[in-house]
Structure formats: structure tokens, C-alpha cells
Amino acid sequence: MLVIGRGPSVKEYPPELISWSAKCNLSVGCNNAGLDWPVDIICSIDYQWILDNQEALRKVNKPIITRDWDCIKNLGLNLIPLNNNILKTCRLSGQTAIKCLDYIGQPLNLPVHVIGIDHTDIHYDGTSTNIPDIVPMDMYESMGCNVVNLGKASKIKCWPRHYSLPGPDGVDKKTLPEIIKAIKRMPL
């Protein structure tokens, strides 16, 4: 299982290997990473990002993990709305994606591999972010998830590190509708 965030550690790997890993794993891309990589699911808990990118989201036609926002309910997108209680443990799209995949992976004893979840103030495309200002570093550890950090540049030290992208995780992508139903039922 793979979560692709927008942090600079994404640039540590050749794009063709990231694409390969996203295709052979159950994968989630956070915000623009969901549009940039061939992932199965997009995660954005930012309603403004969804509003600003709704045409691109319609074009890729991927399910979108998000919060339960009234302002995006009628856009005709395939939303996976989570109760706003997710904010107690996950304040960022990357954290939310990790929490969802960890929930799916626990019964299968599968870790969530992350790349681009770096707790930095810049995205891999050079745009600025305020992640270090809105999320304290200890919030990652308190998530309590089985995570493997693939980013050398990641400032997150609480997760074990590994520096090669994961091969096939064995999750049958034909079960994606059941996986989505399970995420919707995830206790928060």
C-alpha cells in the first residue's frame, strides 16, 4: 500500500518507478499528487482544492477521500466523505490517507508506505505550504499507524525508513468498491 504526498522526497525516485509502484499497490495520492500519479484513490480534506480542481477530478474519475463538506456534496464527484472527527487525529490530507490505508491494511498485516509525506514547507513542484505551522511533529507518531517512510528528505523520524518503493502488495484492485465501503465505515 502506498500514499503519495506532495513533499520533496517524491523527487528522490524516478517517476517511472513511482508510477509502477502506484499501479501495483493499493495507492492514494494526496491533492495534486492524486492528479500527477496513477493512483487508485485521491485524498483531499481541503474543500477549496476540490472546488478549484473539480474539472480535473471529473476527468480522472477517481474516488476522493474527503471530509463531510456540504459545499462539495452536489458536484457529481465520487466522494468518500469522512466524519469531521477525523480532525482529532488527522489534520492533513496525507495523514488522512495514511489513516485510511492503515485501517485497510491492519487485517492483512500490510504497512502503509509513504513518499512525499515530509513535514516540510515546500511541495515537490516548488509551491510553498504551511504544513509545519499547522501540524506539530508529534501528531504523526500519535496517529498510531503502521507506516514505512520512503523519504530520505522527510523530517518525520517516528516511522521506520526504507529506501526503495514497494512491489505488489497483493491487494486485489477488483475489491476497490469494498475497500471504499470499509473506509466509509472506518471508526474515527
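In short, a report on the structure. (Residues numbered from 1 in each chain as written. Predicted model: local features only at pLDDT ≥ 70, side-chain atom pairs only at ≥ 80, totals over all residues. Heavy atoms only, no water.)

Describing two packed helices takes the angle between their axes plus the distance from one axis to the other. Between helix α5 (residues 93-105) and helix α8 (residues 176-184), the least distance of the axes is 10 Å, while the angle of their chain directions is 115°. Put simply, α5 runs roughly perpendicular to α8. For the element pair α5 and α8, the recorded crossing hand is right-handed. On α8, the residues touching Cys 100, Tyr 103 and Ile 104 of α5 are Ile 179, Ala 182 and Ile 183. (Axes fitted to C-alpha atoms, helices over the stretch in contact; angles between N-to-C directions. Helix = DSSP H or I, 4+ residues; strand = E, 2+ residues; numbered from the N terminus. Parallel < 35°, antiparallel > 145°, perpendicular 65-115°, else oblique. Left-handed = near helix turned anticlockwise from the far one by under 90°. Contact = heavy atoms within 4.5 Å.)

In spatial order, the strands read β5-β4-β3-β2-β1-β6-β7; together these 7 strands make up an open sheet with parallel pairing. Lying at the two open borders of the sheet, with one neighbouring strand each, are β5 (79-82) and β7 (147-149). Averaged over all neighbouring strand pairs, the angle between strand axes comes to 25°, with direction disregarded. Note: strand β1 (residues 2-4) against strand β2 (residues 27-30), 3 bridges, orientation parallel. (Pairing = 2+ DSSP bridges.)

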